[in-house]
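For reference, the chains in residue letters:
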Amino acid sequence: MDAASCGPAPGDEVPDFALRNQYGETVQLEHLSGTPSVLMFYPFAFSRVCSAELTEIREGWSEISALGVRFCAISSDSVYTLRAYAEELGEVHFDLLSDFWPHGAVAKAFGAFDSQKGCPRRVTFVLNDQLHLHRRIAADFTQSRDLAEVLTAVREIHQL
């Protein structure tokens, strides 16, 4: 089986996790319950494509927050790296979560880790308010994901 196809399928509960954000605060999966959530795995802080994606999210934050969605961006970078990255990106209203140690364990549980590159794949999981997977959205390593597709998936949850 291809590693990219591992992980939760639509309707499945997603793997539990507890990760620290750019401020060192622990964010647990259970904290996301009760609202649609987006878990966006990305390869590396400070990289061109990842920075473009996170800047698009930051710039579109008013539309995203109006949907009442909790947004978490997850990489295998350290908390300290994510803090510096958040400062470089500017005003970040969402969590940058560190899957640093054990290295990539949460990405692996979601089937979103590339063991050859040693980092998460560019995969987004849109969860309903009960923490079940609604939609999985992926892009190639060098391509940005379509934020409009992610927001459409969140709107679908609201219509169910």
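Residues numbered from 1 in each chain as written. Predicted model: local features only at pLDDT ≥ 70, side-chain atom pairs only at ≥ 80, totals over all residues. Heavy atoms only, no water.

S.K.: Help me understand the packing of aromatic side chains in this model?
M.R.: The description of an aromatic ring pair uses the distance of the two centres, along with the angle that the planes make with each other. Taken as a whole and judged by the stated rule, the model has 10 aromatic pairs. Between Phe41 and Phe125, the ring centres sit 5.8 Å apart and the planes meet at 85 degrees, which makes this aromatic pair edge-to-face. Of the two residues, Phe41 is situated in strand 3 (residues 37–41) and Phe125 in strand 8 (residues 123–127); the sequence distance between them amounts to 84 residues. The exposure classification of Phe41 matches that of Phe125, with both residues buried. The structure contains a cluster of three or more aromatic residues connected by ring pairs, namely Phe17, Phe41, Phe110 and Phe125. The cationic tip of Lys108 hangs over the ring face of Phe113; the distance from NZ or CZ to the ring centre is 4.9 Å. (Phe/Tyr/Trp six-rings, centres within 6.5 Å; stacked < 30°, edge-to-face > 60°. Helix = DSSP H or I, 4+ residues; strand = E, 2+ residues; numbered from the N terminus. Buried < 20%, exposed > 50% of the residue type's maximum accessible area, 1.4 Å probe, protein only. Lys NZ or Arg CZ within 6 Å of the ring centre and 35° of its normal.)

S.K.: I'm lost on the nonpolar core in this one. Help?
M.R.: Generally speaking, a soluble globular protein has its nonpolar side chains buried in company with each other. Tyr42, Leu54, Ile57, Tyr85, Phe94 and Leu96 are the most contacted members of the largest nonpolar core, which totals 28 residues. At the level of elements, strand 3, helix 1 (48–59), helix 2 (61–66), strand 4 (70–75), helix 3 (79–89) and helix 5 (147–159) are the ones that each hand at least two residues to this core. In terms of residues, this core owes the most to one element, helix 5, which gives six residues. Sequence-distant contacts of Ile57, that is, excluding residues within four places in its chain, are made with Met40, Ile64, Phe71, Phe94 and Leu147. One finds Val14, Leu19, Val106 and Ala112 within the second-largest nonpolar core, a separate group that totals 21 residues. (Core = buried A, V, L, I, M, F, W, Y, C linked by side-chain atoms within 4.5 Å. Contact = heavy atoms within 4.5 Å.)

S.K.: Help me understand the state of the cysteines in this model?
M.R.: Working definition: the covalent bond between the sulfur atoms of two cysteines is a disulfide. Taken as a whole and judged by the stated rule, the model has zero disulfides. For the unlinked cysteine Cys50, the closest cysteine sulfur is that of Cys119, found at 8.1 Å. The class of Cys50 is buried, set by a relative accessible area of 1%. Unpaired in terms of disulfides, Cys72 finds its nearest cysteine sulfur in Cys50, a separation of 16 Å. (Disulfide = S-S within 2.5 Å.)

S.K.: Would you take a moment to explain the environment of Asn128 for this structure?
M.R.: Note that Asn128 resides in the loop between strand 8 and strand 9 (133–138). Residues Asn128 and Gly24, spaced 104 residues apart in sequence, show a C-alpha to C-alpha distance of 26 Å. If sequence neighbours within four positions are ignored, Asn128 has contacts with Thr35, Pro36 and Ile157.

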